[in-house]
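Each chain, written out:
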Amino acid sequence: WYPTVQTYSFRRTIAFWGAVTTCEGCLLFLWIDLITTYAIGTPEMLYELTKVPNLVGGFFFMAGIYLSWFELINMDTEKLNANKLHYFWVSIESVTDLGIDKASYVGALTYLLGAVLYTISQVSDFWELTSGVHNLLIDWPLIVGGLMFF
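Residues numbered from 1 in each chain as written. Predicted model: local features only at pLDDT ≥ 70, side-chain atom pairs only at ≥ 80, totals over all residues. Heavy atoms only, no water.

### A word on the overall build of the protein chain
Right, so step 1: Scanning the protein chain from terminus to terminus reveals six helices and zero strands.
Right, so step 2: Ordering the α and β elements of the protein chain from the N terminus gives α-α-α-α-α-α.
Right, so step 3: Taken along the three principal axes of its C-alpha coordinates, the protein chain extends 60 × 30 × 25 Å.
Right, so step 4: Looking at the protein chain as a whole, 31% of its 150 residues are labelled buried.
Right, so step 5: Counted over contacts in the protein chain with a minimum sequence separation of 6, partners at least 24 positions apart contribute 64%. (Helix = DSSP H or I, 4+ residues; strand = E, 2+ residues; numbered from the N terminus. Buried < 20%, exposed > 50% of the residue type's maximum accessible area, 1.4 Å probe, protein only. Contact = heavy atoms within 4.5 Å.)

### So, the nonpolar core
Right, so step 1: Counting residues in hydrophobic clusters, the biggest one holds 14 residues, and the most contacted among them are I65, W69, L72, I73, V90, V95 and Y105.
Right, so step 2: Looking at this core, the elements that each hand over two or more residues are α2 (46-73) and α5 (102-124).
Right, so step 3: Ranked by the residues each element gives to this core, the list is headed by α2, at six residues.
Right, so step 4: Contacts of I65, omitting those with residues within four sequence positions, involve T22, Y111, L112 and A115. (Core = buried A, V, L, I, M, F, W, Y, C linked by side-chain atoms within 4.5 Å.)

### Describing a nonpolar patch on the surface
Right, so step 1: A cluster of nonpolar side chains, V116, I120, V133, L136 and L137, forms an exposed patch at the surface whose accessible area comes to about 360 Å².
Right, so step 2: Contributions of two or more residues to the nonpolar patch are made by α5 and α6 (131-148).
Right, so step 3: Broken down by element, the nonpolar patch gets its largest block of residues, three residues, from α6.
Right, so step 4: Note that V116 resides in helix α5. (Patch = residues over 30% accessible without salt bridge, like charges linked within 9 Å, V, L, I, M, F, W, Y side chains within 5 Å. Areas by Shrake-Rupley, 256 points an atom, 1.4 Å probe, with all protein chains shown as cover. Salt bridge = Lys/Arg side-chain N within 4 Å of Asp/Glu carboxyl O.)

Quick look at the structure:
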């Protein structure tokens, strides 16, 4: 039941890059608070100094969350060694058969969906939207996505 060198290297690499991209996204989110708290730049530069790093940080953060999900759904070493990777979905039974708790599966999926909703709101924030569309594409994804992080 011990993992092969290929399986161990795969998991170690995925875990590393998941942590790096999540951390990079968080650092870019902190950049926005730094800009707004200390009023760095002119008002004309505020868009480029806040919205663009917010979007890039959101993509990095979502990529890191996806990599943790990707690692979880590919815990079966036979499938790793056979180069049959799952990219988006795997049945919960195949994960629980490996001894992984259902709460880990549901928690990772919820966290990923929250990150996707948050990124939808970040992308939508680049356009001027009517009030109803703004609520649908920006406000509600932020609220629901934020609740999914708890």
